[in-house]
Amino acid sequence: MSKPKVLQLGEIVLAHQAWERLSEVAEIVTPKATNREEFIAECKSGRFDDVVAAYRTFPSVSITGIFDEELVQATPKSWRFLAHNGAGYDQVDAHACAARDPPLLVSNIPSIADDSTADTAVFLILGALRNLNPSMQALREGKWKGEPAPALGHDPQGKTLGILGMGGIGRNLKIKMDVFGMKAIYHNRKKMSEEDAAGAEYVSFDELLARSDVLSLNLPLNPKTRHIISTAEFAKMKKGVVIVNTARGPVMDEDALVKALDSGHVASCGLDVFEEEPKVHEGLIRNPRCVLVPHMGTWCVETQTRMEEWTIGNVREAVTKGKLVSPVPEHVKLQ
Ligand SMILES: O=CC(=O)O
């Protein structure tokens, strides 16, 4: 009997053994396409007609484009599962996938990226709050601390950390920043149990904006959260607030952030994500008070290995048992 087919969209960099073991239960196929137009044509050509599940990475978007309605409608009906290697799945329209007949069920990686993403947020909070970037830049230019010396930074101890989007990463960050003496408040659509919020205080959105000394964005990107932080929201924040974003660039209006930085209303920021990656707003590049990291939140051997293994586990479950281990929340009830 022939094995079910798995479509590989993107490279396996670390979990080679798990990937090899997958070929005991599935035949791996790879696309010939090098861009979206070719990929859609390949889907329609019948070449993927026996594909049951696909493994996908973030960079594979350069071949397929966004998994939107148009692409989902071009996929063959045999293709029932899409295992995404990442926590955030804004490159995949989960609603369009659910609406297809039969649904194309999507999985992500649930908690594996929490530590490394929260660690990146800790780095950005400390870097932005302590104003470390100008002196680091000056040192590399042979100017020691720089002339004049940079403005003094601030200690985290006793400051209020506002977390917008208290999920696994927000909770992990809250616990880590307890050690630095920060008091955490959070806003979600719904209040969580004390235990899930790790003791952080629940506040309204406006109260979060008004009380935070450091505001950390930890919410997923979707049509409701796009530009959730813009001019009106900056106006409600304290003068001298520090903004940190390890979620997705488009949850914040970058133009509005640059204006708020230029006026001094926002003192500094730490960003791992940008609105139009890999493009970075000129107003952020020229401002030494911005600590900028090129989307490295999970860029660690251990985390990346576990992410690949987990995603391969989803593919394996799909082809052997006809279900996913960790479907995205919107698809839990569909399988
Ligand atoms: O950005 C990284 C992820 O969503 O896993």
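- The protein chain goes by Glyoxylate reductase in an unreviewed UniProt entry, where it is assigned to Aureobasidium subglaciale.
- Per UniProt, the protein chain carries the Sequence similarities (unreviewed entry) text "Belongs to the D-isomer specific 2-hydroxyacid dehydrogenase family."

## Notes on unusual backbone geometry
Piece 1. Each neighbour pair has its own omega, and for Asp101 with Pro102 the value is -5°, a cis peptide bond.
Piece 2. Looking at the element boundaries, Pro102 is found in the loop between α5 (94-99) and β5 (105-107).
Piece 3. For the bond from Glu147 to Pro148, the omega torsion is 0°, close enough to zero to count as cis.
Piece 4. The backbone of Asn131 shows a phi angle near 55°, a positive value even though the residue is not glycine.

## Things to note about the domain arrangement of the protein chain
Piece 1. The domain architecture assigned to the protein chain consists of domain 1 (5-86 + 302-321) and domain 2 (113-292).
Piece 2. For domain 1 versus domain 2, the distance between C-alpha centres works out to 34 Å.

## Concerning the environment of Tyr186
Piece 1. Summarising the element assignment, Tyr186 is placed in strand β7 (residues 183-187).
Piece 2. Leaving out residues up to four positions away in the same chain, Tyr186 has contacts with Ile163, Met166, Lys191, Met192, Ala197, Ala200, Glu201, Tyr202, Val203 and Leu208.

## A few points about the pairing of strand β10 (residues 241-245)
Piece 1. Most of β10 is tucked away, with 5 of its 5 residues classed as buried.
Piece 2. Sheet topology places strand β9 (residues 214-217) next to β10; 4 bridges connect them, and they run parallel. When the bridges of β10 are listed, Leu217 appears paired with Asn245.
Piece 3. Of the pairings in the sheet, the one linking β10 to strand β11 (residues 266-271) comprises 5 bridges and is parallel in character. Its bridge partner lying in β11, Val242 is registered against Ser268.
Piece 4. For the segment spanning β10, helix α11 (residues 254-262) and β11, crossover handedness is right-handed.

## Quick word on the pattern of salt bridges
Piece 1. With the rule as written, the count across this model stands at 18 salt bridges.
Piece 2. With a shortest N-O distance of 3.3 Å, Lys236 and Asp206 are connected by a salt bridge. One end of the pair, Lys236, is in the loop between α10 (231-235) and β10; the other, Asp206, is in helix α9 (residues 205-211), and 30 residues separate them in sequence.
Piece 3. Taking relative accessible area as the criterion, Lys236 reaches 39% and is therefore assigned partly exposed.
Piece 4. Glu207 is paired through a salt bridge with Arg211; the nearest N and O atoms lie 2.8 Å apart. Remark: Arg211 and Glu207 occur in helix α9; sequence separation between them is 4 residues, near one turn of the helix.
Piece 5. Classification of Glu207 as partly exposed rests on a relative accessible area of 32%.
Piece 6. With relative accessibility at 26%, the residue Arg211 sits in the partly exposed group.
Piece 7. In this structure, a network of salt bridges that share partners links the residues Lys183, Glu201, Glu207 and Arg211.

Cut-offs and rules
Residues numbered from 1 in each chain as written. Predicted model: local features only at pLDDT ≥ 70, side-chain atom pairs only at ≥ 80, totals over all residues. Heavy atoms only, no water. UniProt positions renumbered as here; feature names shortened; annotations may be inferred. Helix = DSSP H or I, 4+ residues; strand = E, 2+ residues; numbered from the N terminus. Domains from an automatic or database assignment. Contact = heavy atoms within 4.5 Å. Buried < 20%, exposed > 50% of the residue type's maximum accessible area, 1.4 Å probe, protein only. Pairing = 2+ DSSP bridges. Right-handed = clockwise from strand over helix to strand, strands pointing away. Salt bridge = Lys/Arg side-chain N within 4 Å of Asp/Glu carboxyl O.

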